[in-house]
Amino acid sequence: MANAHADLHHDDAHHGTHGQDVYFVPHGSKWPVFASVALFITMVGFATWLNEVSWGKTTFFVGLAGLLAILFKWFGDVIRESLAGHYNKQVDTSFRMGMVWFIFSEVMFFAAFFGALFYARQFALPWLNGEGDGAATHSILWAGFSGGWPSNGPGAIGGTYQTIPAWGLPLLNTLILLTSGVTITIAHHALKEGKRGILLLFLGLTVLLGCVFLYYQAEEYIHAYHELNLTMGSGIYGSTFFMLTGFHGAHVTLGTLMLAIMWLRCAKGHFSKDNHFAFEAVAWYWHFVDVVWLGLFLFVYVL
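Residues numbered from 1 in each chain as written. Predicted model: local features only at pLDDT ≥ 70, side-chain atom pairs only at ≥ 80, totals over all residues. Heavy atoms only, no water.

- Looking at an unreviewed UniProt entry, the chain carries the name Probable cytochrome c oxidase subunit 3, with the source organism given as Thermomonas carbonis.
- For the chain, the Sequence similarities (unreviewed entry) comment in UniProt is given as "Belongs to the cytochrome c oxidase subunit 3 family."
- The Subcellular location (unreviewed entry) field of the UniProt record for the chain holds the comment "Membrane". (UniProt positions renumbered as here; feature names shortened; annotations may be inferred.)

Below, the structure written as structure tokens:
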């Protein structure tokens, strides 16, 4: 009897159901395996779609739909665990450390792309012009080339194009994102003060501002492709421009989706003044997106 009680106590402690004095470890989950299979199908579909295989496009969307459904169920399990009170201070600390490292990885992700922009602009282009260590490159390979930034290189890849003025839609989108940073901060303070109405209002405004930003980003892309002949094929400038702004737009899309989910959870009363890390994590992510855009606006559009 004593041994059976000890075994039960050990099992409860291992799975986090015994109390708040233990670190919660969830039961075996099927979602990681299912997600791996769905991700594999998605990538096979994407690769075959790029190679113009007839079934590639369908396979890609089937895998993507399956992955989204699995993530929906997986995050649902995590939410239910949180609402059940399984997460203690240790788990909260782990979540915070995980989010910090995730955002750090995102910083390095964008740092690589900003680095590519910096290298092309400050090193590769001057070398092609014959400056510094590029004298031989200029005289032997591209003797007739002389150009400054923005450039599509000696081969004029993609043909003549125009750049997007910084003080039009880019400035408007900058103001939109800066405003969204204010609204999410107001919503956060409202949550900590228990002001539900203000929380839902300003969090909803943040979601709306994210959607407006994406709308204007799409308008900018359409204008660039159809009227300015600025495309991903416009040499090094076109590729770095769309690489940086495109990946940022993908992050804004993800952030807007997460903010919308947070709004629904706030409406359902999932968070309290002292227990709302999921909200905080999304707020951290959104502020990161804001900061990246400021760098983009300065180095891609203005300078």
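Once the structure has been displayed, the description carries forward.
### Focus on the overall build of the chain
And then number 1: The helix and strand inventory of the chain stands at 9 helices and 0 strands.
And then number 2: For the chain, the N- to C-terminal ordering of α and β elements is α-α-α-α-α-α-α-α-α.
And then number 3: The C-alpha radius of gyration of the chain comes to 25 Å, more than 25% above the 19 Å expected for a compact globule of 303 residues.
And then number 4: When its C-alpha atoms are laid out on the principal axes, the chain stretches across 90 × 45 × 40 Å.
And then number 5: Classification of the 303 residues of the chain by burial places 36% in the buried group.
And then number 6: A separation of at least 24 residues holds for 69% of the contacts in the chain among residues at least 6 apart in sequence.
And then number 7: Surface accessibility of the chain: about 17,100 Å² in total, with carbon and sulfur atoms responsible for 70%.
And then number 8: Here the chain holds 13 positive side-chain charges and 18 negative ones, and the gap between their average locations is 10 Å. (Helix = DSSP H or I, 4+ residues; strand = E, 2+ residues; numbered from the N terminus. Rg over C-alpha atoms; globule rule 2.2 N^0.38 Å. Buried < 20%, exposed > 50% of the residue type's maximum accessible area, 1.4 Å probe, protein only. Contact = heavy atoms within 4.5 Å. Areas by Shrake-Rupley, 256 points an atom, 1.4 Å probe, with all protein chains shown as cover. Lys, Arg positive; Asp, Glu negative; His and termini not counted. Charge placed at Lys NZ, Arg CZ, Asp CG, Glu CD.)

### As for helix α6 (residues 169-192)
And then number 1: Counted at 1.5 Å a residue, the expected span for α6 with its 24 residues is 34 Å, and the 35 Å between its end C-alpha atoms agrees.
And then number 2: Backbone geometry just after α6 places Gly194 at a positive phi near 75°. (Expected span 1.5 Å × (residues − 1).)

### Let's talk about the state of the cysteines
And then number 1: Applying the stated criterion to the full structure yields 0 disulfides.
And then number 2: Free cysteine: Cys266, not disulfide-bonded; nearest cysteine sulfur from Cys211 at 16 Å.
And then number 3: Classification of Cys266 by relative accessible area gives buried; the value is 3%. (Disulfide = S-S within 2.5 Å.)

### A word on the environment of Thr256
And then number 1: Inspection of the secondary structure puts Thr256 in helix α8 (residues 235-267).
And then number 2: Overall, Thr256 belongs to the buried group, its relative accessible area being 6%.
And then number 3: Setting aside residues no more than four positions away along its own chain, Thr256 makes contact with Val207, Gly210, Cys211, Leu214 and Trp286.

### Observations regarding the packing of helix α2 (residues 31-50) against helix α3 (residues 56-83)
And then number 1: Contact pair α2 / α3: the axes reach a minimum separation of 7 Å and the direction vectors enclose 155°. On the basis of their axis angle, the class for α2 and α3 is roughly antiparallel. Between α2 and α3 the crossing geometry is left-handed. (Axes fitted to C-alpha atoms, helices over the stretch in contact; angles between N-to-C directions. Parallel < 35°, antiparallel > 145°, perpendicular 65-115°, else oblique. Left-handed = near helix turned anticlockwise from the far one by under 90°.)

### Overview of the confidence of the model for the chain
And then number 1: For the chain, mean pLDDT is 87; residues scoring 70 or higher make up 93% of the total.
And then number 2: Ignoring residues within four places in sequence, the model shows residues 1-18, a span with pLDDT below 50, making 17 contacts including any to other chains. (pLDDT = per-residue confidence, 0-100.)

### Examining the nonpolar core
The nonpolar side chains of a soluble globular protein tend to be buried with one another.
And then number 1: One finds Leu203, Leu230, Phe241, Phe279 and Tyr301 to be the most contacted residues of the largest nonpolar core, which totals 52 residues.
And then number 2: For this core, the secondary-structure elements that each account for two or more residues are α4 (89-128), α6, α7 (196-227), α8 and α9 (277-302).
And then number 3: Examining the composition of this core, we find that 15 residues originate from one element, α9, more than from any other.
And then number 4: Contact partners of Leu203, with chain neighbours within four places excluded, come to Ile184, Ala187, Leu259, Met262, Trp263, Cys266 and Phe279.
And then number 5: If you look at the next biggest cluster of nonpolar residues, it comprises 5 residues, including Trp31, Ala38, Leu67 and Ile70. (Core = buried A, V, L, I, M, F, W, Y, C linked by side-chain atoms within 4.5 Å.)

### Description of the domain arrangement of the chain
And then number 1: When the domains of the chain are assigned, the result is domain 1 (25-86) and domain 2 (89-302).
And then number 2: A C-alpha centroid distance of 26 Å is found between domain 1 and domain 2. (Domains from an automatic or database assignment.)

### Re α7
And then number 1: For α7, built from 32 residues, the straight-helix expectation of 46 Å at 1.5 Å per residue is met to within 8% by its first-to-last C-alpha distance of 46 Å.
And then number 2: Three or more residues of α7 are buried, namely Leu199, Leu200, Leu203, Thr206, Val207, Leu209, Gly210, Phe213, Gln217, Glu220 and Ala224.
And then number 3: Where α7 is buried, its residues touch α6, α8 and α9.
And then number 4: Asn229 sits one or two positions beyond α7 and adopts a positive phi of about 55°.

### So, the UniProt feature "transmembrane region" (unreviewed entry) in the chain
And then number 1: UniProt's feature table lists "transmembrane region" (unreviewed entry) at residues 31-49, 55-76, 97-120, 171-191, 198-216, 236-264 and 284-302, given in the numbering used throughout.
And then number 2: Secondary structure content for residues 171-191 is 100% helix and 0% strand, while the C-alpha to C-alpha distance between its ends is 30 Å.
And then number 3: Spanning residues 236-264, this segment combines 100% helix with 0% strand, and its end C-alpha atoms are found 42 Å apart.

### Observations regarding the packing of α4 against α8
And then number 1: Packing of α4 against α8 brings their axes to within 10 Å, and their N-to-C directions diverge by 165°. In terms of axis orientation, α4 runs roughly antiparallel to α8. In the packing of α4 onto α8, the handedness of the crossing is left-handed. Two secondary-structure elements touch here, α4 through Glu106, Phe109, Phe110, Phe113, Phe114, Ala116, Leu117 and Ala120 and α8 through Ile236, Thr240, Met243, Leu244, Phe247, His248 and His251.
And then number 2: Of the residues assigned to the contact of α4 with α8, the class counts are 11 nonpolar, 3 polar and 1 charged. (Nonpolar A, V, L, I, M, F, W, Y, C, P; charged D, E, K, R; others polar.)

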